[in-house]
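Chains, contacts and geometry: an overview
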Amino acid sequence: MNAQPRRVEHRQTDKGSVPVYTTAVVEQPWSTYTREDHATWAQLFERQQTILDGRAAREFVENQRKFGMTPHAIPKFDELNRVLRRATGWELIGVEGLLPELTFFDHLANRRFPVTWWIRKPEQIDYISEPDLFHDLFGHVPLLLNPVFADYMQAYGAGGVKAHGINPEALVHLTRLYWYTVEFGLIRQDDGLRIYGSGIVSSKGESIYCLESHAPNRIGFDLKRIMRTRYRIDTYQKTYFVIDSYEQLIDATRPDFTPIYAELANQPSIPAGNVRPTDTVFNRGTGEGWATDGDV
Ligand code: CO
């Protein structure tokens, strides 16, 4: 049997038509994965391994090895959890797909990382518009073994619960931080810029583009600047932000954001591709190939 995700409905939002799933935690139906599902995992895993050699952050590669993830079969959440619980106290939970914001934040605040249990179909190998098992597992899970990053993710969840209670603008500002760090972050390591963002490591094209293309900006991490910056959901990013260390990330985000949200409320957002005089610029993008509209 090939189990299917249970979509409840589609909802129109400012980000287009978004699937709505049950918010329940589900047992990973591992025995229902087909040979095709395992083959999809294998193909994606092997392809990204090759591309990420010399491109992904050191910790990403090391931790992936510690988990014992291999191309041979879709990993079992239970087995990954044995490693993860012992290392950082995090645990993976199976879900049907994207969760409502507050549910998602609450899981993170309690060191539970939701992983979509189903994997994309072969025709979606190169592009899928919503997170699937490959993105969630391959992309997000390795860094949960890093103690500092693990704490950052929990703090983000708690911060999300708080921002949710402030106002929608606070949530927009916080979401941009997640986008430009957890999903699309770069880190400066001894041997050059490396990828740690999950949205990049799970994408063949963007793994190369974000580091090697002259088109996008690569700019030093700056909390308020990031919170004001719009982003792309249907093209590669126009700007990537670079951290020096995970400590920098957690230190910069430790202060109470409440006064920061209040301060930012009066400031206009920054288009995704803009460079500002105060930016630390590693690469000023040429802008080649950029869409002229569509920043969210
Ligand atoms: Co993600």
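One structure accompanies this document, and this report is about it. In this text the structure is predicted, and so the values were computed from the model without any measurement.

1. Side note on the side chain of glutamate 96
- With respect to the helices and strands, the residue glutamate 96 is situated in the loop between strand 3 (91-95) and helix 4 (101-109).
- Side-chain polar atoms of glutamate 96 contact the side chain of tryptophan 117, separated by 3.1 Å.

2. So, unusual backbone geometry
- For arginine 111, which is not glycine, the phi torsion reads 60° and is therefore positive.
- Looking at where arginine 111 falls in the secondary structure, it is placed in the loop between helix 4 and strand 4 (112-116).
- Arginine 111 sits in the buried class, given a relative accessible area of 16%.

3. Topic: the pattern of salt bridges
- For the structure shown, the criterion picks out 18 salt bridges.
- For aspartate 126, the salt bridge identified is with arginine 47, shortest N-O distance 2.8 Å. Pair noted here: aspartate 126 is in the loop between strand 4 and helix 5 (133-140) and arginine 47 is in helix 1 (residues 35-52), with a separation of 79 residues, a long-range link.
- Classification of aspartate 126 by relative accessible area gives exposed; the value is 58%.
- The salt bridge involving arginine 254 is made with aspartate 251; its shortest N-O contact spans 2.5 Å.
- For arginine 254, a relative accessible area of 58% puts it in the exposed group.

4. Observations regarding the environment of glycine 205
- By secondary structure assignment, the location of glycine 205 is in helix 9 (residues 204-212).
- Glycine 205 sits in the partly exposed class, given a relative accessible area of 28%.
- Linking glycine 205 and leucine 186, residues 19 residues apart in sequence, is a C-alpha distance of 15 Å.

5. Things to note about the layout of surface pockets
- A volume near 250 Å³ is recorded for the second largest pocket.
- Forming the walls of the second largest pocket are 16 residues, and the residues nearest its centre are Gln49, Phe60, Val61, Gln64 and Arg65.
- Those elements giving two or more residues to the lining of the second largest pocket turn out to be helix 1 and helix 2 (58-67).
- Of the residues contributing to the lining of the second largest pocket, the split by class is seven nonpolar, four polar and five charged.

6. Some words on the nonpolar core
- Membership of the largest hydrophobic core comes to 80 residues, with the highest contact counts inside it found for Trp41, Leu92, Phe113, Leu137, Phe149, Met153 and Tyr196.
- For this core, the element with the most residues is helix 7 (residues 168-183), which contributes eight residues.
- Among residues more than four places away in sequence, those in contact with tryptophan 41 are Met69, Thr70, Pro71, Ala73, Ile74, Pro75, Ile119, Leu133, Phe134, Leu137 and Phe138.

7. What to know about helix 7
- Over its 16 residues, helix 7 extends 21 Å from the first C-alpha to the last, a length consistent with the 22 Å expected when each residue adds 1.5 Å.
- Among the 16 residues that make up helix 7, 13 are buried, leaving the element largely enclosed by the rest of the structure.

8. Topic: empty space enclosed by the protein
- All told, the structure shown has one cavity of 30 Å³ or more when counted by the stated rule.
- Lining of the largest cavity is provided by Gly139, His140, Leu143, Phe149, Met153, Val182, Tyr196 and Ser198.
- Every element with two or more residues in the lining of the largest cavity is listed here: helix 5 and helix 6 (147-166).
- In terms of residue class, the lining of the largest cavity is built from five nonpolar, three polar and no charged.

9. Notes on the packing of aromatic side chains
- Counted according to the given criterion, the structure contains 20 aromatic pairs.
- Centre to centre, the rings of phenylalanine 149 and tyrosine 152 are 5.9 Å apart; their planes meet at 50°, and the pair counts as tilted. Linking phenylalanine 149 with tyrosine 152, this pair stays in helix 6, spanning three residues, or about one helical turn.
- Exposure remark for phenylalanine 149: the relative accessible area of 4% places this residue in the buried category.
- For tyrosine 152, a relative accessible area of 2% puts it in the buried group.
- Among the aromatic residues, ring-to-ring pairing joins Trp41, Phe45, Phe60, Phe134 and Phe138 into one connected group.
- Over the ring of tryptophan 30 we find lysine 76, and its NZ or CZ is 4.3 Å from the ring centre.

Conventions and cut-offs
- Residues numbered from 1 in each chain as written.
- Predicted model: local features only at pLDDT ≥ 70, side-chain atom pairs only at ≥ 80, totals over all residues.
- Heavy atoms only, no water.
- Helix = DSSP H or I, 4+ residues; strand = E, 2+ residues; numbered from the N terminus.
- Polar contact = N/O pair within 3.5 Å; in protein donor to acceptor, adjacent residues only side chain to side chain.
- Buried < 20%, exposed > 50% of the residue type's maximum accessible area, 1.4 Å probe, protein only.
- Salt bridge = Lys/Arg side-chain N within 4 Å of Asp/Glu carboxyl O.
- 1 Å grid on protein atoms, 1.4 Å probe; cavity = no way out; pocket = protein on both sides within 12 Å on 5 of 7 lines; lining within 4 Å.
- Points joined across faces, edges and corners; volume = space filled by probe spheres on them.
- Nonpolar A, V, L, I, M, F, W, Y, C, P; charged D, E, K, R; others polar.
- Core = buried A, V, L, I, M, F, W, Y, C linked by side-chain atoms within 4.5 Å.
- Contact = heavy atoms within 4.5 Å.
- Expected span 1.5 Å × (residues − 1).
- Phe/Tyr/Trp six-rings, centres within 6.5 Å; stacked < 30°, edge-to-face > 60°.
- Lys NZ or Arg CZ within 6 Å of the ring centre and 35° of its normal.

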